[in-house]
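# Structure assessment
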Amino acid sequence: MAELKTKPTKASVGDFIGAIADPEQRKDSKKLASMMRAVTGQRGRMWGTSVVGFGTYRYSNTAGQDFEWMLTGFSPRKKAISIYVMNGFPEHVALLRRLGKYKTGKSCLYVNRLSDVDEAVLEQLVSASVAAMRKRYPTA
């Protein structure tokens, strides 16, 4: 398997968020960064050019290669904000019922705007995912 392309960089999270053209998405990104910092107890770091990640965990794939990845994070995209819920969604059905308007991928929650979801429920979802990942993997 090839090396992961998305890695932590030294780029400024503040500069990245400050450069978001859409004012509402910029405001939402600031809120997400604050919430994720509170949940993880860690400052955000840029992962690649467009992902803000918080905390890390180490895992090995089936070939025995070790990787480092973020505990949680987000990426403001054109159509929606991607929020990374690393342990996926099967464990979070009850929270998702109360969340609001969203779509999911394997470990991505897609929301158009934070105003579309219940922010307190979103924080519970992110907190539960981070706790599950910390239980399952070595974290930093």
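Residues numbered from 1 in each chain as written. Predicted model: local features only at pLDDT ≥ 70, side-chain atom pairs only at ≥ 80, totals over all residues. Heavy atoms only, no water.

What follows concerns the environment of Lys135. Along the chain, the position of Lys135 falls in helix H4 (residues 119-136). Placed 54 residues apart in sequence, Lys135 and Ile81 show a C-alpha to C-alpha distance of 27 Å. (Helix = DSSP H or I, 4+ residues; strand = E, 2+ residues; numbered from the N terminus.)

Turning our eyes to something else, we now look at the pairing of strand S1 (residues 44-47). As paired elements, S1 and strand S2 (residues 51-60) share four bridges and run antiparallel to each other. By the bridge assignment for S2, Trp47 is matched with Val51. (Pairing = 2+ DSSP bridges.)

The subject of this paragraph is the pattern of salt bridges. Going through the model one piece at a time under the given rule, you end up with four salt bridges. Among the salt bridges present, the one from Arg136 reaches Glu91, with a minimum N-O distance of 3.3 Å. Placement of Arg136 in helix H4 and of Glu91 in the loop between strand S4 (81-85) and helix H3 (93-99) is noted, with a sequence separation of 45 residues between them. A residue is classified by how much of its surface remains accessible, and Glu91, at 51% relative accessible area, is exposed. What emerges from the salt-bridge pattern is a single network uniting Asp22, Glu24 and Arg113. (Salt bridge = Lys/Arg side-chain N within 4 Å of Asp/Glu carboxyl O. Buried < 20%, exposed > 50% of the residue type's maximum accessible area, 1.4 Å probe, protein only.)

With respect to the element layout, Met35 can be found in helix H2 (residues 23-40). Overall, the relative accessible area of 11% leaves Met35 in the buried class. Beyond its immediate stretch of four places on either side in the chain, Met35 contacts Leu122, Glu123 and Val126. (Contact = heavy atoms within 4.5 Å.)

The next point concerns the sheet that holds S1. The strand order across the open sheet formed by six strands is S1-S2-S3-S4-S6-S5, and the pairing between neighbours is antiparallel. Taken across any chain shown, the strands that pair with only one partner, and hence form the sheet edges, are S1 and strand S5 (103-104). Here eight bridges tie S2 to strand S3 (residues 66-76), and the two strands are oriented antiparallel to one another. Residue pairing for S3: Val52 is matched across the bridge by Phe74. Together, S2, S3 and S4 form the strand contacts of H2, whose direction differs from that of S3 by roughly 140 degrees. Across the face of the sheet, H4 comes into contact with S2, S3, S4 and strand S6 (108-111) while running at roughly 175 degrees to S3. (Axes fitted to C-alpha atoms, helices over the stretch in contact; angles between N-to-C directions.)

Scope: geometric values only; no functional claims are made or implied.
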